[in-house]
Amino acid sequence: MPIDDACRDLRLPAFRERFIDVAATARREQATYKQFLLDMLRVEQADRDLRRQQRLLRSARFPRPKRLEDFDFAKNPNVSPEVVADLKSPTWVREGRPLVLIGDSGTGKSHLLIGVGTAIAEAGLTVRYTTTSALVNELAEADAARRLSSVIARYSKIDLLCLDEFGYLNLDRKGAKLLFQVFTEREERKATAVATNSPFTEWDKTFGDARLCAAIADRITFRCTLIQTGTESYRYQTTQDSLFPTAH
């Protein structure tokens, strides 16, 4: 079929798959040729947008699917729905502003981090999720193999870098300096979101060097959106409710 072959050559998969259905609808509704062409172009455009979203979500490497729509604000009263809703828009990412999520384990930090990252990827921007320790290990391996500059350059191009478990492990001076280089390359150009269980006053324990800690904190917190998820574990409460449903 000439139309099928032409669509393959031009790489128009949605056009090829939907041509017969859209043509039948156009004939039934007596659409003009111009309207029919517009409908086909919109079909192809929607398909490309969907495939781009799927590619961006795969490249983000989220460990599990989490969406902001599934976040239970009723059980996490510390988190403002209005603030979270604003984070769905890619504006703050394009402005290179940081996001800091602080709270104890089980309070929803990772859910929000992945959910925000998912929303930004679906908005068409590049996102990468990783834990802080995994990133530091990757940088250290790249440094040993004399590939550090190329790895840092790759991370400097990502629109939104989502760093989970920030402050969970103490870093040696070398690890902290490597992480500092990534933050410096991204400062005020690309957005970075971190989820941490450590308040700012305890970050010096993570980085060891007080001056280096202050420099990193300055880059993460300047113009940042701060969300404090609290101290009461949402996961623990959910488990308790499922095990003892009549206890409340």
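Owing to the predicted nature of the structure, the values given are computational and were not obtained by experimental measurement.

Colleague: Explain the packing of helix α3 (residues 33–60) against helix α6 (residues 109–122) to me, using residue names and the numbers behind them.
Modeller: It is at 8 Å that the axes of α3 and α6 come closest, and there the two elements cross at 145°. Judged by the twist between their axes, the crossing of α3 over α6 is right-handed. Within the contact between the two elements, α3 uses Q53, L56 and L57 and α6 uses T118, A121 and E122. By residue class, the composition of the contact of α3 with α6 is three nonpolar, two polar and one charged.

Colleague: Give a detailed account of the sheet that holds strand β2 (residues 127–131), specifying residues and quantitative values.
Modeller: Taken in spatial order, the five strands line up as β2-β3-β4-β1-β5 in an open sheet, and their pairing is parallel. A single partner strand is all that each edge strand has here, and the edge strands are β2 and β5 (225–230). Taking the axes of each pair of neighbouring strands and ignoring which way they run, one obtains an average angle of 15° across the sheet. Across five bridges, the pairing between strand β3 (residues 160–166) and strand β4 (residues 191–196) is parallel.

Colleague: Please provide a residue-by-residue account of the pattern of salt bridges, values included.
Modeller: Following the criterion strictly, the structure yields ten salt bridges and no others. E69 serves as the salt-bridge partner of K88, at 3.7 Å between the closest nitrogen and oxygen. Of this pair, K88 sits in the loop between α4 (81–87) and α5 (91–94) while E69 is found in the loop between α3 and α4, placing the two residues 19 residues apart along the sequence. Put simply, K174 and D143 hold a salt bridge, and the shortest N to O gap is 3.6 Å. Here the residue K174 occupies a position in helix α9 (residues 173–186), and D143 occupies one in helix α7 (residues 132–144), the gap between them amounting to 31 residues. It is possible to trace a salt-bridge network through shared partners that takes in R67, E69, K88 and E122.

Colleague: Can you explain the pairing of β2? Please cite residues and give values.
Modeller: β2 sits mainly inside the fold: five of its five residues count as buried. Summarising the sheet, β2 and β3 pair through five bridges and their orientation is parallel. Directly across from R128, in β3, lies its bridge partner L161.

Colleague: Which residues make up the packing of helix α8 (residues 148–156) against α9, and what values do they have?
Modeller: It is the contact of α8 with α9, at a shortest axis distance of 9 Å, that shows an interaxial angle of 45°. Comparing their axes, α9 and α8 come out oblique. Between α8 and α9 lies a crossing of right-handed hand. On α9, the residues touching L148, I152, Y155 and S156 of α8 are L178, Q181, V182, E185 and R186.

Parameters and conventions
Residues numbered from 1 in each chain as written. Predicted model: local features only at pLDDT ≥ 70, side-chain atom pairs only at ≥ 80, totals over all residues. Heavy atoms only, no water. Axes fitted to C-alpha atoms, helices over the stretch in contact; angles between N-to-C directions. Helix = DSSP H or I, 4+ residues; strand = E, 2+ residues; numbered from the N terminus. Left-handed = near helix turned anticlockwise from the far one by under 90°. Contact = heavy atoms within 4.5 Å. Nonpolar A, V, L, I, M, F, W, Y, C, P; charged D, E, K, R; others polar. Pairing = 2+ DSSP bridges. Salt bridge = Lys/Arg side-chain N within 4 Å of Asp/Glu carboxyl O. Buried < 20%, exposed > 50% of the residue type's maximum accessible area, 1.4 Å probe, protein only. Parallel < 35°, antiparallel > 145°, perpendicular 65-115°, else oblique.

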